[in-house]
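# Survey of secondary and tertiary structure
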Amino acid sequence: MTPQEWNWKAKDRSDGGLLYESGNWGDVLKFLWLTAVMQWKSTRYESVEYYDPFAGDVSYPLGNKTSARLAAANLEYFVGIENDFLKNHRWPSSASAVRPLFSGPAVVWEKDETRLSRWRTVRDVTVADGITSGWDLLERRATGEAAVWLVDPYDILAEWRQWLPRILEQAVTSTVVLYIFNRSGKNNETFREYRAFRNALEDGRGPLLKRLGRAAADTFLARHYHEMLFLPSVTDIETPGFEELVEELGRRTFALQAAQMRAAVFED
């Protein structure tokens, strides 16, 4: 069975059409970081631009076990999505989660036509037309200091040699948040590939600040990790109060780590 033919299913048989469980620790880390960035940007710009070239679906089923785990994590940051999503056993896509946090355009794209058709019905969200890939949107759309890009392909480490230069180019003038699934613990080959990616990132980013947060993919046997890479623009770095955003990203990551540690040592 190929990856395209396989979908993850919860124990209650709910199916999000994904290769992974919606609402997993990576989704939580992504939510925590992206909402912090969007909240910070919205206090500094009257109109913020949001670009999500790998948007996925509008929302996903949230299984009972995952819902209970999120509740046990006791993270205060979920308040904004509790009524519209969590209480209805749904997990919001990134674009759905951040859309209420800012004024300005939200542009999305998704390769699956069914999901894309659902985005066309969502108020205050624009579907990018005339492209055949999320990478096309990133490559063709030059943006400025008010823009935030979430770059979240299924596996950036399979495509980084082609696209990392463009990501870093965009991150000079606009804010970029990149999701990475770090499977370097799988074998020597994946470890070497991850190290090559990190070395290229260091060389390509140069002296510009970056921050990376990490969460274990599994609290029981943590061999893989979810990572969020924050690439602020030159203007971001020079903006008063920027240090507060960096500190907030750290606080949220440590809060998630504490929740994972509790789950690792005491299960129901």
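### Side note on the packing of aromatic side chains
Here the distance between the centres and the angle between the planes together describe a pair of aromatic rings. Counted under the stated rule, the structure contains eleven aromatic pairs. Consider the rings of phenylalanine 78 and tryptophan 91, whose centres lie 6.2 Å apart with planes at 85 degrees: the pair is edge-to-face. Highlighted residues: phenylalanine 78 in the loop between α2 (64–73) and α3 (79–82) and tryptophan 91 in strand β3 (residues 90–92), separated in sequence by 13 residues. Each ring, one from tyrosine 194 and one from phenylalanine 197, has its centre 6.4 Å from the other, and the planes form 40 degrees; the classification is tilted. Of the two residues, tyrosine 194 and phenylalanine 197 are both situated in helix α8 (residues 188–205); the distance of three residues between them amounts to about one turn of the helix. With a relative accessible area of 0%, phenylalanine 197 lands in the buried category. In textbook terms, an aromatic cluster arises when at least three aromatic residues are bridged by ring pairs, as seen for Phe31, Phe78 and Trp91. Between the NZ or CZ atom of arginine 69 and the centre of the ring of tryptophan 25, over which it lies, the distance is 4.9 Å.

### Here's the deal with the confidence of the model for the chain
For the chain, the average pLDDT comes to 91, and 92% of its residues sit at 70 or higher. Counted against residues more than four places away or in other chains, residues 1–18, with its pLDDT under 50, gives 28 contacts.

### As for the side chain of histidine 226
In this fold, histidine 226 is placed in strand β9 (residues 225–231). At a separation of 3.4 Å, a polar atom in the side chain of histidine 226 contacts the main-chain amide nitrogen of glycine 26. If we skip the residues at most four places from it in the chain, histidine 226 touches Asn24, Trp25, Gly26, Leu29, Tyr179, Ile180, Phe181, Gly213, Arg214, Ala215, Ala216 and Ala217.

### Quick notes on helix α7 (residues 160–173)
In this model, α7 (14 residues) spans 20 Å end to end at C-alpha, consistent with the 20 Å of a helix rising 1.5 Å per residue. Those residues of α7 lying buried are Trp160, Trp163, Leu164, Arg166, Ile167, Leu168, Gln170 and Ala171. Residues of α7 that are buried make contact with α6 (134–140), β6 (147–151), β7 (175–182), α8 and β9.

### Thoughts on unusual backbone geometry
In the Ramachandran plot, asparagine 74 falls in the positive-phi region, its phi being about 55 degrees despite a non-glycine side chain. Along the polypeptide, asparagine 74 turns up in the loop between α2 and α3. Of note in this structure, aspartate 124 is not a glycine but carries a positive phi near 65 degrees. Examined against the element boundaries, aspartate 124 turns out to sit in the loop between α5 (113–119) and β5 (126–127).

### Section: the nonpolar core
If you look at the biggest cluster of nonpolar residues, it comprises 78 residues, and the most contacted ones within it are Tyr50, Phe78, Trp91 and Ile167. Residue contributions to this core peak at eleven residues, all from helix α1 (residues 25–42). Beyond its immediate chain neighbours, meaning those up to four positions away, isoleucine 167 contacts Trp135, Leu138, Val151, Ile156, Val176, Leu178 and Leu231.

Reading the values: rules and limits
Residue numbers restart at each chain and count upward from 1, following the sequence in its written direction. At least 70 in pLDDT is required for a residue's local features to be given in this predicted model, at least 80 for side-chain atom pairs to be given and counted, and no such filter applies to totals for whole chains, interfaces and linings, which use all residues. Side-chain measures were taken over the full set of non-hydrogen atoms in the model, leaving aside hydrogen atoms and water. Geometry of aromatic contacts follows a simple scheme: Phe, Tyr and Trp rings, the Trp one being its six-membered ring, pair when their centres are within 6.5 Å, and the pair is stacked under 30 degrees between planes, edge-to-face over 60, tilted otherwise. Here a helix means four or more residues in a row that DSSP labels H or I, a strand means two or more in a row labelled E, and each is numbered from the N terminus. Each residue gets one of three labels from its accessible area relative to the maximum for its type: buried under 20%, exposed over 50%, partly exposed in between, using a 1.4 Å probe on protein chains only. Charge-over-ring placement is defined geometrically: NZ (Lys) or CZ (Arg) within 6 Å of the ring centre, and within 35 degrees of the ring normal. How sure the predictor is of each residue is captured by pLDDT, a score from 0 to 100. Here a residue-residue contact requires only that any non-hydrogen atoms of the pair lie within 4.5 Å. The definition of a polar contact used here is a pair of N or O atoms within 3.5 Å, where within protein one atom must be able to donate a hydrogen and the other to accept one, and adjacent residues in sequence count solely through side-chain atom pairs. Here the expected length of a helix is defined as 1.5 Å per residue gap, with one fewer gap than residues. Each nonpolar core is a collection of buried residues, namely Ala, Val, Leu, Ile, Met, Phe, Trp, Tyr and Cys, held together in the definition by side-chain atoms within 4.5 Å.

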